[in-house]
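Residue-level structure breakdown
Here is how the chains run, residue by residue.
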Amino acid sequence: MSRIYIIYNEATERFKLGFSKDPLKRLKTLQTGNDNTLTLYYEREVKHHSKVEASMKRHFAPYQTSGEWYEYPLKFAELDDMIIRNDNMFKALEDNPFI
């Protein structure tokens, strides 16, 4: 199972949202060639990682700055709740025989 992660750049106050089986390895890859210190701000294992990621990216689309980086005042509780709700929603849809 993969993990949803948020990598934060304190210098620019921007974050990257994605999924990976190994978020720490992804952090190290992103850190290479980046002068600013990046931090693994958040990670959570989710069953429907690609769907949750796509849903989150749609939510944060107005705050997209460049590529996959976003500017948004992150609040851990709000973010965690959003990811759990999205994953649960996709689980419910997966179990629905009418879809």
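Predicted model only: the values in this text are computed from it and were never measured.

1. Side note on the environment of I83
You can see I83 is positioned in helix 3 (residues 76-94). With a relative accessible area of 0%, I83 lands in the buried category. Residues I83 and K21, 62 residues apart in the sequence, show an inter-C-alpha distance of 17 Å. With residues up to four places along the chain from it excluded, the contact list for I83 reads I4, Y42, R44, V46, V52 and M56.

2. Quick notes on the pairing of strand 2 (residues 14-20)
When you tally the buried positions in strand 2, you get five out of seven residues, the bulk of the element. Between strand 1 (residues 3-9) and strand 2, which pair antiparallel one after the other, the connecting turn spans four residues, and E13 there sits at a positive phi close to 60 degrees. Sheet topology note: the strand 2/strand 5 (residues 69-70) ladder contains two bridges and is antiparallel. Across the sheet, the residue bridging to K16 is W69, located in strand 5.

3. Section: the environment of K28
Relative to the helices and strands, K28 resides in helix 1 (residues 23-31). Here K28 falls in the exposed class, since its relative accessible area comes to 60%. The sequence separation of K28 and L40 amounts to twelve residues, and the corresponding C-alpha distance is 9.8 Å.

4. Focus on helix 2 (residues 49-60)
Between the first and last C-alpha of helix 2 there are 16 Å, a value that for twelve residues agrees with the 16 Å anticipated at 1.5 Å per step. Of all the positions in helix 2, only V52, E53, S55, M56, K57 and F60 are classed as buried.

5. Observations concerning the sheet that holds strand 3 (residues 38-45)
Overall, antiparallel pairing links the five strands, which are arranged 3-1-2-5-4 in an open sheet. Only two strands of the sheet have a single partner each, and these edge strands are strand 3 and strand 4 (64-66). Taken strand by strand, helix 1 contacts strand 1, strand 2 and strand 3, and its axis lies near 155 degrees from that of strand 3. Of the strands in this sheet, strand 1, strand 2, strand 4 and strand 5 touch helix 2, which is tilted by about 160 degrees from strand 2.

6. A closer look at the packing of aromatic side chains
Taken as a whole and judged by the stated rule, the model has six aromatic pairs. Plain terms: the ring middles of F60 and Y72 are 4.9 Å apart, the flat faces sit at 75 degrees to each other, and that makes the pair edge-to-face. Taken together, the residues span a long stretch of sequence, with F60 in helix 2 and Y72 in the loop between strand 5 and helix 3 at a distance of twelve residues. Ring centres of Y63 and Y72 lie 4.7 Å apart, and the angle between their planes is 65 degrees; this geometry places the pair in the edge-to-face category. In this structure Y72 comes out as buried when scored by relative accessible area, which is 18%. Here the aromatic residues F15, F60, Y63, Y70 and Y72 are joined through ring pairs into a cluster of three or more.

Procedures and definitions
Residues numbered from 1 in each chain as written. Predicted model: local features only at pLDDT ≥ 70, side-chain atom pairs only at ≥ 80, totals over all residues. Heavy atoms only, no water. Helix = DSSP H or I, 4+ residues; strand = E, 2+ residues; numbered from the N terminus. Buried < 20%, exposed > 50% of the residue type's maximum accessible area, 1.4 Å probe, protein only. Contact = heavy atoms within 4.5 Å. Pairing = 2+ DSSP bridges. Expected span 1.5 Å × (residues − 1). Axes fitted to C-alpha atoms, helices over the stretch in contact; angles between N-to-C directions. Phe/Tyr/Trp six-rings, centres within 6.5 Å; stacked < 30°, edge-to-face > 60°.

Take it as geometry only, folks, not as evidence of what the structure does.
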